[in-house]
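As a plain string of letters, each chain reads:
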Amino acid sequence: MFFDKIVAAPADPILGLTEEFKKDTRPNKINLGVGIYKTNEGNTPVLKCVKKAEEIILKNETTKSYLPIVGTPEYGALVRELVFGKDSEVLAANRARTAQAPGGTGALRIGADFLKQQNVTTKIWISDPTWANHFQVFGAAGIETAKYRYYDKNTHGLDFEGMKASLAEAKEGDAVLLHACCHNPTGIDPTKEQWEELAKFCAERKLLPFFDFAYQGFGNGIDEDAFGIRTFVKYNQEVLIASSFSKNFGLYNERIGALTIVSADNETADRVFSQMKISVRSNFSNPPAHGALIVTTVLSDPELRAMWAEEVKEMRDRIKEMRELFVSKLVALGVKHDFSFISKQYGMFSFSGLSKEQVAKLKEEFGIYIVGSGRISVAGITTSNIDPLCKAIVAVL
């Protein structure tokens, strides 16, 4: 037999947790593991701008023919404008190219394959902690991975000095994976001054920056969240950016993302783009159309774009409100431990500081599902479940 020696793989730490949650028969169970935005009613909505865009698409669509290998030029141009800003020197010099990808994960994998196939680098440094799938994506592409310090468990903040000390060990030509905003899982981002210092640091040491940009608009704003990337391209001529529109467009099941690569000049960008196409072709041949059509339709229509910006703000504001309410309710319950750091974090996730033992108790005794690292999906907290959540946390502290 060919497959009789194959053993079962361990469950994905996040998706496996969701499967456990589904099997739990307790009526008041709470899932704060999976990274999906939910309204205060506990729903994952279809954005109004997306609905309107789909009406336009349905009315005007005349073919289901294949897209180009890297997607449509219109989509790529809009993604670059969103990432770099309309007045960016990168756009003016035509130094960037974009390939459509199946979500942010697909963009990361295309980039990893490109780096490996073209012998650009053999090693990438990834934050500790990070999204668990980062190591699998780059490892599967054959790129060596290393960790750099990021989280200070004593201050519940960024270990910036530790981060620089770790990256000082990187060799010229190594790549560095950076979360552009709303760091997953900690919710902790560098300050503007720290982004500036990091950008110069990578340029001086000739490290290749690779950004994971999964949450644009969920931190401080659509343009504000691109600050790190826009700062890096001022000092680093070559940068990769993996964008995702799962969260900020609510297009989770459409798997729509993009890989953008910045080169030193227009001619180099053309050569790079030709090789990007090979990475795409060998992975999935060419991309699906619907998600890209939605993003293109919304971003190219001033009315729909304004509607989208407002809906992103509503999601961002709700998450911030839940952070503040979460902290205030814990204080009201008499918790002596200081959880105020949670209200200072950004995006969908919070590194709560809860231990594995406390997380296990929350699941076993209260039906509250949190990733073993203590990462909480703040977007899953509602005014209906926050009281039992806080009381349960008090019980396990």
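What comes next is a walk through the structure. All values derive from a computational prediction rather than experimental measurement.

Reading guide: rules and limits
- Residues numbered from 1 in each chain as written.
- Predicted model: local features only at pLDDT ≥ 70, side-chain atom pairs only at ≥ 80, totals over all residues.
- Heavy atoms only, no water.
- Axes fitted to C-alpha atoms, helices over the stretch in contact; angles between N-to-C directions.
- Helix = DSSP H or I, 4+ residues; strand = E, 2+ residues; numbered from the N terminus.
- Parallel < 35°, antiparallel > 145°, perpendicular 65-115°, else oblique.
- Contact = heavy atoms within 4.5 Å.
- Nonpolar A, V, L, I, M, F, W, Y, C, P; charged D, E, K, R; others polar.
- Buried < 20%, exposed > 50% of the residue type's maximum accessible area, 1.4 Å probe, protein only.
- Pairing = 2+ DSSP bridges.
- Right-handed = clockwise from strand over helix to strand, strands pointing away.
- Arc of directions from axis to C-beta.
- Phe/Tyr/Trp six-rings, centres within 6.5 Å; stacked < 30°, edge-to-face > 60°.
- Patch = residues over 30% accessible without salt bridge, like charges linked within 9 Å, V, L, I, M, F, W, Y side chains within 5 Å.
- Areas by Shrake-Rupley, 256 points an atom, 1.4 Å probe, with all protein chains shown as cover.
- Salt bridge = Lys/Arg side-chain N within 4 Å of Asp/Glu carboxyl O.

1. Remarks on the packing of helix α2 (residues 48-60) against helix α12 (residues 302-332)
Step number 1: Direction vectors running N to C along α2 and α12 enclose 150°, while the axes themselves pass 8 Å from each other. For the element pair α2 / α12, the angle class is roughly antiparallel. Within the contact between the two elements, α2 uses Lys 48, Cys 49, Lys 52, Ala 53 and Ile 56 and α12 uses Leu 304, Met 307, Trp 308 and Glu 311.
Step number 2: Of the residues belonging to the contact of α2 with α12, the class tally is six nonpolar, no polar and three charged.

2. A look at the side chain of Ser 263
Step number 1: Here Ser 263 shows up in the loop between β10 (256-262) and α10 (266-284).
Step number 2: With a relative accessible area of 2%, Ser 263 lands in the buried category.
Step number 3: Setting aside residues up to four positions removed in sequence, Ser 263 forms contacts with Arg 95, Gln 237, Glu 238, Thr 268, Ala 269 and Val 272.

3. A short note on the pairing of strand β3 (residues 123-128)
Step number 1: Counting buried residues along β3, five of its six residues qualify, which places the element largely inside the surrounding structure.
Step number 2: Pairing geometry for β3 and strand β4 (residues 144-149), over six bridges, is parallel. Counted as the bridge partner of Ser 127 is Tyr 148 from β4.
Step number 3: Once the chain exits β3 it traverses helix α6 (residues 133-140) before rejoining the sheet at β4, and the crossover so formed is right-handed.
Step number 4: Here β3 runs beside strand β7 (residues 175-179); their pairing, made up of two bridges, is parallel. Within β7, the position partnered with Trp 125 by the bridge is Val 176.

4. What about the environment of Gly 76?
Step number 1: Of note, Gly 76 is situated in helix α3 (residues 73-84).
Step number 2: Separated by 22 residues in sequence, Gly 76 and Thr 98 place their C-alpha atoms 5.1 Å apart.

5. Considerations on helix α13 (residues 356-366)
Step number 1: If you check which residues of α13 are buried, you get Gln 358, Val 359 and Leu 362. The buried residues of α13 occupy an angular sector of 105° when projected down its axis, which confines them to one face. Within α13, the exposed residues directed more than 90 degrees away from the buried face are Lys 356, Glu 357 and Glu 364.
Step number 2: Each element contacted by the buried residues of α13 is listed here: β12 (368-369) and α14 (386-396).
Step number 3: At the exit of α13 stands Gly 367, carrying a positive phi of roughly 70°.

6. Brief notes about the environment of Ile 256
Step number 1: By the element assignment, Ile 256 lies in strand β10.
Step number 2: With relative accessibility at 1%, the residue Ile 256 sits in the buried group.
Step number 3: Ile 256 sits 28 residues away from Phe 284 along the chain, and the two C-alpha atoms are 13 Å apart.
Step number 4: Apart from the residues within four sequence positions on either side, Ile 256 is in contact with Tyr 75, Gln 100, Ala 101, Gly 103, Ser 244, Phe 245, Ser 246, Leu 251, Gly 291, Ala 292 and Val 295.

7. Some remarks on the packing of aromatic side chains
Step number 1: Using the criterion set out here, one finds 12 aromatic pairs in the structure.
Step number 2: Pairing Tyr 75 with Phe 245 gives two aromatic rings, centres 6.3 Å apart and planes at 80°, and the pair type is edge-to-face. Separated by 170 residues along the polypeptide, Tyr 75 in helix α3 and Phe 245 in the loop between β9 (239-244) and β10 bring together distant segments of the chain. Across the pair, exposure class does not vary: Tyr 75 and Phe 245 are buried alike.

8. Here's the deal with a nonpolar patch on the surface
Step number 1: Together, Phe 2, Phe 3 and Ile 6 line one region of the surface with nonpolar side chains, adding up to about 470 Å² of accessible area.
Step number 2: Among the structural elements, Phe 2 can be located in the segment before α1 (15-23).
Step number 3: The exposure class assigned to Phe 2 is exposed, which follows from its relative accessible area of 81%.

Remember, this is a structural readout, not a statement about activity or role.
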